[in-house]
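Here is how the chains run, residue by residue.
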Amino acid sequence: MDKIYSHPQSLRDVSTHYCPGCGHGLAHRLIAEVVDELKIRERVIAVAPVGCAVIAYDYWDFDCSEAAHGRALAVATAIKRVRPQNIVFTYQGDGDLAAIGTNETIHAANRGENLTVFFINNAVYGMTGGQMAPTTLLNQKTSTTPSGRCAQSQGYPLKISEMLALLPGVKYIERVSLGSAPDIIKAKKAIKKALVNQMEGVGFSLVEMLSPCPTYWGLSPKESLDWIQNTMAKEFPLGVIK
Amino acid sequence: MPKITIDKDKCKGCLLCVSVCPQGAIVINEELNLRGIKPVKFKSEGKCVGCALCALICPDCCIEVYK
Amino acid sequence: MPKILMSGNDAIAEGAIQAGCSFYAGYPITPQNELTAYMANNMEKRGGVFIQAEAEVAAINMVFGASAAGARAMTSSSSPGISLKQEGISYIAGAELPAVIVNVMRGGPGLGNIAPSQADYFQATRSGGHGDYHCIVLAPSSVQESYDLTYLAFNLADKYRAPAIILGDGMLGQMMEPLKLTTQGPKLKAKPWALTGCKGRKANVVKSFYLGEGDLEKLNLKLQKKYKEIAAKEQRWEELFLDDAKVVLVAYGSMSRIARAALKVLRGKGKRVGLIRPISLWPFPKKAFARPKNKYLVIEMSYGQMLEDVQLTLGGRAKVDFLGRSGGGVPSEEEIILKVNKIYNG
């Protein structure tokens, strides 16, 4: 009997601190699987900034750097420039990439840095207790939008992937979902493409993953996946953006 | 005959595997694990077709599949 | 050895390159722009990386990344920009990364002005950002020293895995003096902790985040031990006429040049005046104050920041007077002479 699905080498065999049904564990695993398949574990340097995934370095078994909140792409830019032979990626949440770090995001993309960005969009700040994120949907309740996000006072869900796609330095952007088994297979393909792009020197590549946060959505893990498919993916349409 | 193994102490009981298994071969284990929650368990070797959807969707990398 | 004419800002840049600095990120701000331009002109030609960052905050975090990847890395700015970098410096200290940060000080608070100032002494010598940490702080007083101390700053930063600050000011940065390129290439050391890809070893992690019970206290105790060692070994200062001095002037950086000119005039008139010029501001050169002296005059381009370190060092053993101006004002030679004459026989 053959093992057809086993633990990737690039993922340590430990329990994560993530809540039940959280998409981070899934995204970590998909990235680890791709790193194994591409045989780049010994070349990878990952950057995990502040957010729920700040201790991703406890889970991935390759070189990792912390980054201050919002600064992952500044840190990653420097690492890649200093060590162009390494494979450098950031793993950023919506608050990190599209609020406090918007400046770093736009300018790293505009410089066309040859690195890879994994952008976890779960429409909420998880680590700090479920506050409104730049990607929070209209009418979505969070601890700082108790009556639901209101466009008049809190603006609209920020579609940063579409914004970045306007920049000539950006070579590949795809929005995927972790909301169903077929979508997860597509997500993995996108992750692979974004890393292969870097290996081939193509340039700035970003994969946005719509990812469940059952705890701060107030839904069960299964309901969360359904919410991604039926609600979130309507606001953030899936597919190759550039 | 295909089968899966579940690392029951890593399982957080999110039940996503249960929701995707086309054969109903994964069920809740009434016995608490080390986390103090009810993990899932593999029900019968007869039903599993080795599709690996459970392993694909598991956020905690608890499942390995044999075929 | 031939001499070349250089500005203080250029000398810092050249000192960095001679020290093996292979990564520089900066953002435009006066009065340090020549330094950034020098790096733009030279880094790539000489095998390094130059990035004009989108912000001061990005620049310091780029330095974090470059240093984490094993490079000797530097950023430079002036006072308001250095305020913006403080969070990043705290992370660098917490992650025990070596880095060099240049502050060509200007007037504050706020946007202030672009006149020379020494009003960032507290920010540099205390933990400028959050947390219990120190940066090594070196204060040049000439173009030659701008070059030499930058070279030294890289070696100290690597040795102690800690951020080092070059604390200059607009006057020093802009003025030109002859410079001897006295150094002979970088003294690089192996960095087994750096992020290079985990080939043939366990994965490395660069971080400042410690959630486990007692873990952060452990890191802090380790840092404090390091700071004690630095405080013991790395005090630097210059002293003049301490043997017979009745009044000891204490001044650093540009201010010490004016103090020195006043001292020359006063000694010419038979006044027994000496000078202590701190070169390391952190660690503060307490050893320089070991001899029993009764009168000190601290002179700063601030309203009394280093003054507190002098007072702490002396612990009430001597009378400490102060002369300072800020916001673009610089105590003049005449003001110093007047003040010394007033306290000399008092």
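Structure's up top.
These lines cover the structure that appears in this document, whether it is placed above or below. Values in this document were obtained by computation on a predicted structure and should not be read as measured data. Numbering of residues begins from 1 in every chain and follows the order in which that chain's sequence is written. Chains and ligands are labelled by the order in which they are written, letters from A for the one and numbers from 1 for the other. The predicted origin of the model limits local features to residues at a pLDDT of at least 70 and limits the giving and counting of side-chain atom pairs to 80 or more, whereas totals for whole chains, interfaces and linings rest on all residues. Processing note: side-chain calculations cover all non-hydrogen atoms of the structure and skip hydrogens and water entirely.

Attention shifts here to the interface of chain A and chain B. Interface extent is often summarised as the accessible area lost during association of the parts. Residues count as neighbours in contact if any of their non-hydrogen atoms are within 4.5 Å of one another. Listed as interface residues are 29 residues of chain A and, on the opposing side, 25 residues of chain B. Here the quantity called buried area is the accessible surface, traced with a 1.4 Å probe, that two parts lose on coming together, added over both. Both sides together, the interface formed by chain A and chain B hides about 2200 Å², and carbon and sulfur atoms give 64% of it. The three residues of chain A that bury the most area against chain B are M1(A), I4(A) and Y5(A), which together make up 27% of that side's buried surface. Criterion for a salt bridge: a side-chain nitrogen of Lys or Arg within 4 Å of a carboxyl oxygen of Asp or Glu. The tally of links from chain A across to chain B stands at two salt bridges. Note that K10(B) is salt-bridged to D13(A), the shortest N-O span being 2.9 Å. Contacts described as polar in this section are N or O atom pairs within 3.5 Å, which, within protein, must combine one atom able to donate a hydrogen with one able to accept it, while residues neighboring in sequence count only if both atoms come from side chains. At the junction of chain A and chain B, the tally comes to 13 residue pairs in polar contact (both at pLDDT 80 or more). Runs of H or I in DSSP of at least four residues are treated as helices and runs of E of at least two as strands, each being numbered from the N terminus. Elements represented by at least two residues in the side of chain A that touches chain B include exactly β1 (3-5), α1 (23-37), α7 (181-199) and α9 (221-235) of chain A. When the residues that make up the side of chain A that touches chain B are grouped by side-chain class, the tally is 16 nonpolar, eight polar and five charged. Two strands form a pair only when DSSP identifies at least two bridges running between them. Pairing analysis gives two bridges linking β1(A) to strand β4 (residues 63-66) of chain B, with the strands arranged antiparallel. Under the scheme applied, nonpolar residues are Ala, Val, Leu, Ile, Met, Phe, Trp, Tyr, Cys and Pro; charged residues are Asp, Glu, Lys and Arg; polar residues are all the others, including Gly.

F204(A), F23(C), M39(C), M62(C), M74(C) and F289(C) are the most contacted members of the largest nonpolar core, which has 124 residues in total. Top contributing element to this core by residue count: helix α6 (residues 143-160) of chain C, with 10 residues. A domain-level breakdown of this core finds at least three residues from each of domain 1 (3-233) and domain 2 (239-344) of chain C. The residues contacting M39(C), other than those within four sequence positions of it, are A13(C), A16(C), I17(C), C21(C), Y24(C), F50(C) and M74(C). Here the nonpolar core consists of buried residues drawn from Ala, Val, Leu, Ile, Met, Phe, Trp, Tyr and Cys, with membership extended through side-chain atoms lying within 4.5 Å. Using a 1.4 Å probe on the protein chains alone, a residue whose accessible area is under 20% of its type maximum counts as buried, one over 50% counts as exposed, and one in between counts as partly exposed. Judged by nonpolar contacts, the second largest core, of 67 residues, contains L26(A), A194(A), L225(A) and I4(B). Marked domain ranges trace back to an automatic or database domain assignment.

Attention shifts here to α9(A). Look at α9(A): 20 Å from first C-alpha to last across 15 residues, which is about the 21 Å you get at 1.5 Å a residue. On its buried side, α9(A) packs onto β5 (116-121), β8 (170-177), β9 (204-210) and α8 (214-217) of chain A together with α1 (16-20) and α2 (53-57) of chain B. By this rule the span expected of a helix is its residue count minus one, scaled by 1.5 Å.

Residues and elements named next belong to chain C. Any Phe, Tyr or Trp ring, taking Trp's six-membered ring, that has another such ring centre within 6.5 Å forms a pair; planes under 30 degrees apart are called stacked, those over 60 apart edge-to-face, and the others tilted. Under the defined criterion, the tally for this structure stands at 12 aromatic pairs over all chains. Pairing Y227 with W282 gives two aromatic rings, centres 5.7 Å apart and planes at 85°, and the pair type is edge-to-face. With a gap of 55 residues between them, Y227 in helix α8 (residues 215-233) and W282 in strand β13 (residues 280-282) connect regions that are remote in the sequence. An identical accessibility class is assigned to Y227 and W282; each is buried.

Further remarks concern the packing of helix α2 (residues 72-82) of chain A against helix α4 (residues 102-110) of chain A. All names here are of chain A. The contact between α2 and α4 brings their axes to 7 Å, and the two run at 35°. Taking contact as the criterion, the partners of L73, A74 and T77 in α2 are, on α4, E104, T105 and A108. Looking at the contact of α2 with α4, its residues break down into three nonpolar, two polar and one charged. Between N-to-C directions, angles span 0 to 180 degrees; the directions come from axes that are lines fitted to C-alpha atoms, helices contributing only their stretch in contact.

Residue and element names in this part refer to chain C. The buried count for strand β14 (residues 295-300) comes to six of six residues, which makes it a mostly enclosed element. As defined by bridge partners, strand β11 (residues 247-250) adjoins β14 across four bridges and the pair is classed as parallel. Residue pairing across strands places L249 opposite L297, the latter belonging to β14. Pairing of β14 with strand β15 (residues 319-324) involves six bridges; the strand directions are parallel.

This paragraph deals with the sheet that holds β8(A). Strand order in the open sheet made by the eight strands is β10(A)-β8(A)-β9(A)-β5(A)-β4(A)-β2(A)-β3(A)-β9(C), with mixed pairing throughout. Every interior strand has two partners, whereas the edge strands, β10 (239-240) of chain A together with β9 (205-206) of chain C, have only one. One ladder, built from five bridges, connects strand β2 (residues 44-49) of chain A with strand β3 (residues 63-67) of chain A; its direction is parallel. The residue bridging A48(A) from the neighbouring strand is E66(A), located in β3(A).

Across the boundary between the two partners, chain A contributes 34 residues, which contact 34 residues of chain C. Taken together, both faces of the contact between chain A and chain C bury some 2600 Å²; the carbon and sulfur share is 61%. The largest share of the area that chain A buries against chain C comes from E42(A), D63(A) and E66(A), three residues that together contribute 24% of it. Between R201(C) and D63(A) there is a salt bridge, with its nearest N and O atoms 2.6 Å apart. Mapped onto the side of chain A that touches chain C, the elements with two or more residues apiece are β2, β3, α2 and α4 of chain A. At seven residues, the largest contribution of residues to the side of chain A that touches chain C is made by α2(A). Here the residues of the side of chain A that touches chain C are counted per class, giving 16 nonpolar, six polar and 12 charged. With two bridges joining them, β3(A) and β9(C) adopt parallel strand pairing. Within β9(C), the position partnered with C64(A) by the bridge is V205(C).

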